[in-house]
Amino acid sequence: MREPQGGSESHVCRGVHRAHDRGVRTARSDSTRGGEAVTANLIGLALAVLVAVYMVAALLFPERF
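These numbers come from a predicted model, not from an experiment.

So, how was this worked out
Residues numbered from 1 in each chain as written. Predicted model: local features only at pLDDT ≥ 70, side-chain atom pairs only at ≥ 80, totals over all residues. Heavy atoms only, no water. Helix = DSSP H or I, 4+ residues; strand = E, 2+ residues; numbered from the N terminus. Buried < 20%, exposed > 50% of the residue type's maximum accessible area, 1.4 Å probe, protein only. Areas by Shrake-Rupley, 256 points an atom, 1.4 Å probe, with all protein chains shown as cover. Phe/Tyr/Trp six-rings, centres within 6.5 Å; stacked < 30°, edge-to-face > 60°. Lys NZ or Arg CZ within 6 Å of the ring centre and 35° of its normal. UniProt positions renumbered as here; feature names shortened; annotations may be inferred.

Attention shifts here to the overall build of the protein chain. On a plain count of helices and strands, the protein chain comes out with 1 helix and 0 strands. With 65 residues in all, the protein chain has 0% of them scored as buried. Surface accessibility of the protein chain: about 6700 Å² in total, with carbon and sulfur atoms responsible for 60%.

This is how it looks when you write it as structure tokens:
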């Protein structure tokens, strides 16, 4: 295993590397791809609801399907 960088630093587990003192990541103000994910999730939700309604209707009225 490698020794920790920096000499006398102690780590909780061997082989786990430090986070390079960056701290917490800040939120980006230019979230350009956020809308695509929301749109895909909404389309998936709508399709899931339609399939669920279809399955319930097929269970209630099996002679029509």
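Structure shown, so let's carry the discussion forward.
A separate point is the packing of aromatic side chains. Applying the stated criterion across every chain yields a total of 1 aromatic pair. Between Tyr54 and Phe65 the ring centres are 5.0 Å apart and the planes differ by 90°, which places this aromatic pair in the edge-to-face class. Of this pair, Tyr54 sits in helix α1 (residues 34-60) while Phe65 sits in the segment after α1, and the two are 11 residues apart along the sequence. By relative accessible area, which is 45% here, Tyr54 ends up partly exposed. Cation over ring: Arg64 sits above Phe61, and NZ or CZ is 5.3 Å from the ring centre.

What follows is about the UniProt feature "transmembrane region" (unreviewed entry) in the protein chain. The UniProt record annotates "transmembrane region" (unreviewed entry) at residues 38-61. Annotated as residues 38-61, this span is 96% helix and 0% strand, and its ends, taken at the C-alpha atoms, are 34 Å apart.

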